[in-house]
Amino acid sequence: MFDCKLICTDIDGTLLDKNHAISKENKIAIQRATAKGIMVALVSGRIAGSLQVLQNQLGLEGPLGCYNGSLVLDKENILSSHPITNDQARKVLASLRKVGMQAIIFAKDQWYIDRPGKWHEKEERISLYQGNICDFSLLLDAWDEQGCYPYKILGMSEDPSLIKTTEKEIASCFASELNVFSSSPLYIEISAKGVDKGHAIQTICKHYGILPSQVMAVGDYYNDLGMFREAGYSVAMGNAPQDVQMQADTVTLSNNENGLALAIQAIL
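Residues numbered from 1 in each chain as written. Predicted model: local features only at pLDDT ≥ 70, side-chain atom pairs only at ≥ 80, totals over all residues. Heavy atoms only, no water.

Now for the sheet that holds strand β14 (residues 250-251). The mixed open sheet is built from 8 strands, whose spatial order is β5-β4-β3-β2-β1-β12-β13-β14. A strand with exactly one partner marks an edge of an open sheet, and here the two such strands are β5 (77-81) and β14. Bridge count between strand β2 (residues 39-43) and strand β3 (residues 63-66): 2 bridges; the pairing is parallel. Bridge assignment links L42 to a residue of β3, and that residue is L64. (Pairing = 2+ DSSP bridges. Helix = DSSP H or I, 4+ residues; strand = E, 2+ residues; numbered from the N terminus.)

Here we come to the sheet that holds strand β9 (residues 152-156). Pairing within the open sheet is mixed, and its 6 strands lie in the order β8-β7-β6-β9-β11-β10. Edge positions in the sheet fall to β8 (132-133) and β10 (178-184), since each has one partner strand and no second. The pairing of strand β6 (residues 102-106) with strand β7 (residues 111-113) spans 3 bridges and is classified as antiparallel. Looking at β7, one finds that F106 is bridged to W111. Strand contacts of helix α3 (residues 86-98): β6, β9, β10 and β11 (187-192), with the helix running at about 0 degrees to β9, the strand carrying the most contacts. (Contact = heavy atoms within 4.5 Å. Axes fitted to C-alpha atoms, helices over the stretch in contact; angles between N-to-C directions.)

Spelled out as structure tokens, the structure:
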């Protein structure tokens, strides 16, 4: 029997359904797991404030893996922190601007966009966390003086083919400096080199004295493969791409069919 001490779950496409809501079945399964002494950690590309809203909805406390593992928190305590530099951010923003993609910059507890519009509205609606509209150049210049840095840059387009080509181009240019990967057909994420969701699992396990073999990881996309690598038991969602499913130990139903709940129930 799998001796599970920690469940690490992705959010979008995993915990949340197509309406970006937590189903009753998922909530009950998570509460059953915590009642049995299993810790449940939300591990996502999202900002901490957005994850804390979901924590409150689930009645959870404890660790959060933010920005795909670049920032790991336990309440207000920083367990690990891996930002990128402001100069790296400037170069990435120039690359995204060149191909006409919208960008968002994420700091420790705030996110920034350079114009109002559909992407600004979508991010606020999905993340449940208000953003800031500002000039990116002025923001990064101010951060130079203040000693502040970004944790992630998100590039967005409604053209999946543009996402694929731009991901390859940016990854080629910054291969030695940054992690560049797609977190959905419409998003490219850029963060610190060598840090992914697997790093969040490593950090949480070390802090709580949990063995990686005691971790179940559940996710639906390529940015979840780091969790699959580190966890003793990995579960891909039924809505995950086929090659992501092939790298998991098992596959559950989709996020619209309470796949996360079924995966949790199977180990309880």
